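Take a look at the letters that make up each chain.
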Amino acid sequence: AQSVTQLDSQVPVFEEAPVELRCNYSSSVSVYLFWYVQYPNQGLQLLLKYLSGSTLVKGINGFEAEFNKSQTSFHLRKPSVHISDTAEYFCAVRAGLTSGTYKYIFGTGTRLKVLA
Amino acid sequence: GAGVSQSPRYKVAKRGQDVALRCDPISGHVSLFWYQQALGQGPEFLTYFQNEAQLDKSGLPSDRFFAERPEGSVSTLKIQRTQQEDSAVYLCASSITTNTEAFFGQGTRLTVV
């Protein structure tokens, strides 16, 4: 079964410092990977996605992620964070099932707190 | 529409009451998903539609939960005889094909008192 692990439940970081949010997945088939951000009382907004091709993926708001097949990781990075980046971040994998259906499996989330 | 729309945004139900949550997906999106997000947790899959066909309902927690998408566009998630453990945010998402990302609505926050 496919799964996603986000090891850090909370990450505090000072404004303008770099940040990395970790995500590891388990899958025996080709994967589609995503990072979503959730602001308070809001739905999920797509930050970036890896479907195929280049393993370095750039997304919105200056975020990027690198797909590492050997380490089964898809860590999210930003070189300089802003106060407005304070939010919950979710890593997800698209799980394709033998029945022909599919779904997105989410990690438990990492709360990024940017400090002034 | 421009995005996935869910209504109502907030719903308070007395225990034992039936509720219906509505989702308007992005026009033309074939796939539609319902997720349940408990406080402080990640979204948990409930059910999946491809057009009007409900192809996966393995995540529905009990037979009190029922979802439909009769014309392949708008979907309704119904919860009968609500219980306190049903309190959560219910998220709807749609996707144009199986090989693209899902777009999420803002969710319906259900509180059962």
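For the structure, see preceding data.
Every value quoted in this text rests on a predicted model; they were computed, and no experiment measured them.

Asker: Explain the overall build of chain B here, please?
Answerer: From N to C terminus, chain B includes zero helices and eleven strands. Listed by position from the N terminus, the elements making up chain B come as β-β-β-β-β-β-β-β-β-β-β. By principal-axis analysis of the C-alpha atoms, chain B measures approximately 40 × 25 × 25 Å. Within chain B, the fraction of its 113 residues that count as buried is 46%.

Asker: Can you help me understand the environment of Thr110(A) in this one?
Answerer: All names here are of chain A. When you line up the elements, Thr110 lands in strand S12 (residues 110-115). On a C-alpha basis, the gap between Thr110 and Cys23 in space is 9.5 Å, while along the polypeptide they are 87 residues apart. Ignoring anything within four residues of it in the chain, the contact list for Thr110 reads Gln6, Asp8, Ser9, Val11, Leu21, Ala87, Glu88 and Tyr89. In this structure the side chain of Thr110 is engaged in a polar contact, spanning 3.3 Å, whose partner is the side chain of Gln6. Only 2.6 Å separates the side chain of Thr110 from the backbone oxygen of Asp8, close enough to count as a polar contact.

Asker: Would you mind going over the pairing of strand S6 (residues 53-56) of chain B with me for this structure?
Answerer: The side chains of a regular strand alternate, first on one face of the sheet and then on the other. All names here are of chain B. In terms of strand pairing, strand S5 (residues 44-50) meets S6 through three bridges, oriented antiparallel. If you follow Gln50 over to S6, its bridge partner there is Ala53. Two successive antiparallel strands, S5 and S6, enclose a turn made up of two residues, where Asn51 displays a positive phi of approximately 55°.

Asker: Which parts of the structure should I look at to understand the side chain of Arg94(A)?
Answerer: Mapped onto the elements, Arg94(A) comes out in strand S10 (residues 87-96). Of the side chains with opposite charge, Glu101(B) lies nearest to the buried Arg94(A), which makes no salt bridge, at 10 Å. Contacts of Arg94(A), omitting those with residues within four sequence positions, involve Gln2(A), Tyr32(A), Phe34(A), Tyr102(A), Lys103(A), Tyr104(A), Thr98(B) and Asn99(B).

Rules and cut-offs
Residues numbered from 1 in each chain as written. Chains lettered and ligands numbered in written order. Predicted model: local features only at pLDDT ≥ 70, side-chain atom pairs only at ≥ 80, totals over all residues. Heavy atoms only, no water. Helix = DSSP H or I, 4+ residues; strand = E, 2+ residues; numbered from the N terminus. Buried < 20%, exposed > 50% of the residue type's maximum accessible area, 1.4 Å probe, protein only. Contact = heavy atoms within 4.5 Å. Polar contact = N/O pair within 3.5 Å; in protein donor to acceptor, adjacent residues only side chain to side chain. Pairing = 2+ DSSP bridges. Lys, Arg positive; Asp, Glu negative; His and termini not counted. Salt bridge = Lys/Arg side-chain N within 4 Å of Asp/Glu carboxyl O.

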